[in-house]
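The chain contents come next:
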Amino acid sequence: MDDNGSHKDLMELSRKLSHEFTRPELLEESLKHASYVNEAGTADMKDNERLEFLGDAVLGLAVSDLLMNAFEGAREGQLSKWRASVVNEKVLSELARELDLGAYLLLGKGEELSGGREKPSILADTLEALLGAVYLDGGFGEAKQIVEKLVIHHIEDLAES
């Protein structure tokens, strides 16, 4: 699936996540930006926006659960602030960079030329889409394990502050 020259091996990404997809088409879909799908012009091809929508909810629930368990005495207001400090574009784009998600993305020519692989919004959205794909493929428990692995150092930092 090397449609634009820099799409890396998806098995490598699966290994980074410690999740082997039983439905690899979900992984592929999670990496297809709308600009790529619009240019491809294939009626049955899906972009990652629906998975992003789902992944946003999965991420919020997983981080909320992790925070509830890590800070049993914390009040709702504090938990909400902490969740917002973890689930935001800046942190998510950093996590996406750690996974090198930009290298796996399929982008349209215009988005490619404008540096789309490095845009924080695209990287954050792609991470959410990837989590949505993991959720559909392996369930919430699997998605939560990946979220925990990705954000644990952020949660530990909250405990120290």
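Everything that follows concerns the structure shown earlier in this document.
Residues numbered from 1 in each chain as written. Predicted model: local features only at pLDDT ≥ 70, side-chain atom pairs only at ≥ 80, totals over all residues. Heavy atoms only, no water.

1. A closer look at the nonpolar core
Core analysis: the largest hydrophobic core is formed by 43 residues, its most contacted members being Leu-13, Leu-17, Leu-67, Leu-101, Leu-127, Val-147 and Val-151. Broken down by secondary-structure element, the contributors of at least two residues to this core are helix 1 (10-17), helix 2 (24-30), helix 4 (49-70), helix 5 (76-86), helix 6 (89-98), helix 8 (120-138) and helix 9 (140-160). Residue contributions to this core peak at 9 residues, all from helix 8. If we skip the residues at most four places from it in the chain, Val-151 touches Val-63, Leu-66, Val-86 and Leu-95. (Core = buried A, V, L, I, M, F, W, Y, C linked by side-chain atoms within 4.5 Å. Buried < 20%, exposed > 50% of the residue type's maximum accessible area, 1.4 Å probe, protein only. Helix = DSSP H or I, 4+ residues; strand = E, 2+ residues; numbered from the N terminus. Contact = heavy atoms within 4.5 Å.)

2. So, helix 9
Under the 1.5 Å per step criterion, the end-to-end length of helix 9 is 28 Å for 21 residues, consistent within 8% with the ideal 30 Å. If you look at helix 9, its biggest bend is around 55 degrees, right at Val-151. Taken residue by residue, helix 9 has Ala-143, Lys-144, Ile-146, Val-147, Leu-150, Val-151, His-154, Ile-155 and Leu-158 as its buried positions. In this structure, the buried residues of helix 9 make contact with helix 1, helix 4, helix 5, helix 6 and helix 8. (Expected span 1.5 Å × (residues − 1). Bend = angle between axes of the 7 residues up to and from the residue.)

3. Remarks on the packing of aromatic side chains
Going through the model one piece at a time under the given rule, you end up with 1 aromatic pair. Here the aromatic rings of Phe-71 and Trp-82 are separated by 4.3 Å at their centres, their planes lie at 40 degrees, and the arrangement is tilted. Taken together, the residues Phe-71 in the loop between helix 4 and helix 5 and Trp-82 in helix 5 connect sequence positions 11 residues apart. Just as Phe-71 is buried, Trp-82 falls in that class too. (Phe/Tyr/Trp six-rings, centres within 6.5 Å; stacked < 30°, edge-to-face > 60°.)

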